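Below are the chains, spelled out letter by letter.
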Number of protein chains: 2
Amino acid sequence: MKLRTNRASPFARKVRIAAREAGLGGRIEEIETPVSPVAANDELARENPLVKIPALVTGAGEVLYDSAVICEYLDTLHEGVKLFPAAGPRRFAALRLQALADGILDAAVLCRYETFARPQPLRWAEWIEGQQRKIFGGLAALETGVDGWSGEFGIGQIGAACVLGYLDFRFPDWDWRTGRPRLVQWYETAARRPSVRDTAPS
Amino acid sequence: MKLRTNRASPFARKVRIAAREAGLGGRIEEIETPVSPVAANDELARENPLVKIPALVTGAGEVLYDSAVICEYLDTLHEGVKLFPAAGPRRFAALRLQALADGILDAAVLCRYETFARPQPLRWAEWIEGQQRKIFGGLAALETGVDGWSGEFGIGQIGAACVLGYLDFRFPDWDWRTGRPRLVQWYETAARRPSVRDTAPS
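Here the structure is a predicted model, which means the values were calculated and not measured.

Asker: Break down the overall build of chain A for me, with residues and values.
Answerer: Helix and strand counts for chain A stand at 8 helices and 4 strands. Counted from the first residue to the last, chain A has its helices and strands arranged as β-α-β-α-β-β-α-α-α-α-α-α. Taken against the 2.2 N^0.38 rule, which gives 17 Å for 202 residues, the C-alpha radius of gyration of chain A at 17 Å falls within 12% of a compact globule. By its C-alpha atoms, chain A is 45 × 45 × 30 Å across when sized along the principal axes. Looking at chain A as a whole, 55% of its 202 residues are labelled buried. Considering only intrachain contacts with a sequence separation of at least 6, the fraction spanning at least 24 residues in chain A is 68%. In chain A, which carries 26 positive and 25 negative side-chain charges, the distance between the mean positions of the two groups comes to 1 Å.

This is how it looks when you write it as structure tokens:
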């Protein structure tokens with residue numbers, strides 16, 4: 001399988017961590033692919049019309065996206081502990097946690113574009129503030145929820161690790177750790193997992 | 001169940017259509033909820049820390065988001081034709097089509113914010129062009145794929161209907177119909193479904 005990825009992308013990192021947790025790391029060739037929201041990329045667009053990473057080319061030659069779809073697909077290819085609970089309340093708790101992490105990441109990536117890609121005179125402070133409300137509200141929900149994770153490291157926790165790693169990478173000044181001792185403690189352990197350590201953004 | 005929704009939101013519409021297709025319309029109270037990416041909304045934030053709609057409060061009092069998670073949850077509550085295939089290639093084709101539709105909608109909603117919410121002097125033409133590449137690339141993929149849908153109306157087709165309805169609603173000048181005859185023909189039939197007709201944006 002071939003994965004279009006990028007070492008800075010938190011959504012691609014979700015897939016890279018999931019692949020390693022599922023024991024599939026050796027079956028996936030990671031193809032570093034630069035992306036920008038304002039640049040055309042015909043090669044990537046042929047695989048994913050949304051011109052986004054991650055995109056996975058399966059062994060059968062099908063292309064899958066987005067990160068949630070790829071992760072669920074990879075989870076069907078192994079017999080270990082599943083990253084997605086099969087059904088019932090545990091499944092929907094995991095999917096909601098993944099959606100929470102993805103939503104925080106969407107907001108954080110929009111902040112990155114606003115403060116880095118967009119020309120300085122066109123930046124809008126209220127936009128950043130609105131996205132930060134989502135990010136800090138989301139972090140508060142993670143801090144509240146973390147005690148219920150009880151050692152699990154499934155798709156929701158993978159998303160949470162990608163959130164915290166991305167904030168450290170792009171927005172260290174926001175200091176997500178202050179006032180969130182349980183999340184800090186959880187992340188200290190999570191960050192030592194080989195799947196997380198080996199996929200640190202750069 | 002209670003659904004935080006908004007008659008202009010294409011993501012909320014996905015859930016509203018899915019609920020009707022699943023025969024659950026009568027069990028869901030739809031609560032019209034104004035949202036803005038730059039305004040605080042403490043009431044909504046208490047249910048969804050991402051301050052987004054749709055959000056569903058289940059019968060057990062749990063809150064679920066985002067639209068994909070809510071739709072999959074609703075699909076477990078009925079015994080009719082399932083909106084999400086259970087497994088295998090059909091499941092991943094449906095999930096990819098949903099992701100394609102969601103990605104087009106994300107880009108279209110960002111265009112809406114850029115051209116409506118953001119103050120005029122802060123708008124960035126290249127941002128719009130970048131999002132339009134995703135939208136028109138995505139529409140081309142829908143036009144190519146529609147012949148393979150063979151009468152199915154599952155989660156992927158629900159997403160596609162929400163895309164086309166949203167473009168008609170917010171960007172009629174973009175004229176998505178030109179050059180996409182198969183998608184036009186498909187949408188003419190889809191738009192007559194009661195679930196689609198009853199949830200038209202306004």
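Asker: For the side chain of A:Ser195, give the residues involved together with the corresponding values.
Answerer: Take A:Ser195: it is sitting in helix 8 (residues 194-197). If we skip the residues at most four places from it in the chain, A:Ser195 touches A:Ile17, A:Arg20, A:Glu21 and A:Phe153.

Asker: Before we move on, can you summarise the sheet that holds strand 4 (residues 63-64) of chain A with the specific residues and values?
Answerer: Residue and element names in this part refer to chain A. Strands sit in the order 2-1-3-4 across an open sheet of 4 strands; the sheet is mixed. The sheet is open, and its two borders are formed by strand 2 (29-32) and strand 4, each paired with just one other strand. Here 4 bridges tie strand 1 (residues 2-5) to strand 2, and the two strands are oriented parallel to one another. Looking at strand 2, one finds that Lys 2 is bridged to Glu 29. Along the sheet face, helix 1 (residues 10-21) touches strand 1 and strand 2 and points at about 145 degrees away from the line of strand 1.

Asker: Which residues make up the packing of aromatic side chains, and what values go with them?
Answerer: Under the counting rule described, the total for this entry stands at 16 aromatic pairs over all chains. Here the aromatic rings of A:Tyr73 and B:Phe92 are separated by 5.3 Å at their centres, their planes lie at 85 degrees, and the arrangement is edge-to-face. Taken as a pair, A:Tyr73 in helix 3 (residues 67-74) and B:Phe92 in helix 4 (residues 88-117) lie in two separate chains rather than in one. According to the relative accessible area criterion, A:Tyr73 is buried, its value standing at 18%. Residue classification places B:Phe92 among the buried positions, given a relative accessible area of 7%.

Asker: Describe the relation of the copies chain B and chain A, and please don't skip the residues or the numbers.
Answerer: Mapping chain B onto chain A calls for a rotation angle of 180 degrees and an axial translation of 0.0 Å; the resulting RMSD is 0.0 Å. Taken together, the rotation and translation relating the two chain copies correspond to the operation of a two-fold axis. No C-alpha of chain B approaches the rotation axis more nearly than that of B:Leu122, which lies at 2.1 Å. A symmetric contact is evident, with 100% of the interface residues of chain B recurring at the interface of chain A.

Asker: Can you tell me about the pattern of salt bridges, naming the residues and giving the values?
Answerer: Tallied over the entire structure, the rule returns 30 salt bridges over all chains. A:Glu114 is paired through a salt bridge with B:Arg118; the nearest N and O atoms lie 2.8 Å apart. Note that A:Glu114 is positioned in helix 4 (residues 88-117) and B:Arg118 in the loop between helix 4 and helix 5 (125-145), a pairing that runs across two chains. Given a relative accessible area of 3%, B:Arg118 falls into the buried group. When salt bridges with common partners are traced through the structure, they connect A:Glu72, A:Arg91, B:Glu72 and B:Arg91 into a single cluster.

Asker: So what about the interface of chain B and chain A? Which residues, and what values?
Answerer: Between chain B and chain A, the residue contacts involve 43 residues of the former and 43 residues of the latter. Carbon and sulfur atoms supply 65% of the area that chain B and chain A bury against each other, a total of about 3900 Å² over both sides. In terms of surface lost to chain A, no three residues of chain B exceed B:Phe92, B:Arg96 and B:Trp124, which account for 18% of the buried area on that side. There are 6 salt bridges connecting chain B and chain A. Inspection of the region where chain B meets chain A yields 16 residue pairs in polar contact (both at pLDDT 80 or more). No other element matches the 12 residues that helix 4 of chain B contributes to the side of chain B that touches chain A. Tallied by class, residues from the side of chain B that touches chain A come to 26 nonpolar, 5 polar and 12 charged.

Asker: Go over the environment of B:Arg7, please, and point to the residues and values.
Answerer: All names here are of chain B. Topologically, Arg 7 is positioned in the loop between strand 1 (2-5) and helix 1 (10-21). We classify Arg 7 as partly exposed; its relative accessible area is 32%. The spacing of Arg 7 and Arg 46 is 39 residues in sequence and 21 Å in space, taken between C-alpha atoms. Beyond its immediate sequence surroundings of up to four residues, Arg 7 is in contact with Arg 16, Glu 32, Asp 198, Thr 199, Ala 200, Pro 201 and Ser 202.

Calculation criteria
Residues numbered from 1 in each chain as written. Chains lettered and ligands numbered in written order. Predicted model: local features only at pLDDT ≥ 70, side-chain atom pairs only at ≥ 80, totals over all residues. Heavy atoms only, no water. Helix = DSSP H or I, 4+ residues; strand = E, 2+ residues; numbered from the N terminus. Rg over C-alpha atoms; globule rule 2.2 N^0.38 Å. Buried < 20%, exposed > 50% of the residue type's maximum accessible area, 1.4 Å probe, protein only. Contact = heavy atoms within 4.5 Å. Lys, Arg positive; Asp, Glu negative; His and termini not counted. Charge placed at Lys NZ, Arg CZ, Asp CG, Glu CD. Pairing = 2+ DSSP bridges. Axes fitted to C-alpha atoms, helices over the stretch in contact; angles between N-to-C directions. Phe/Tyr/Trp six-rings, centres within 6.5 Å; stacked < 30°, edge-to-face > 60°. Least-squares fit on C-alpha atoms with pLDDT ≥ 70 in both. Salt bridge = Lys/Arg side-chain N within 4 Å of Asp/Glu carboxyl O. Buried area = accessible area lost by both parts, 1.4 Å probe. Polar contact = N/O pair within 3.5 Å; in protein donor to acceptor, adjacent residues only side chain to side chain. Nonpolar A, V, L, I, M, F, W, Y, C, P; charged D, E, K, R; others polar.

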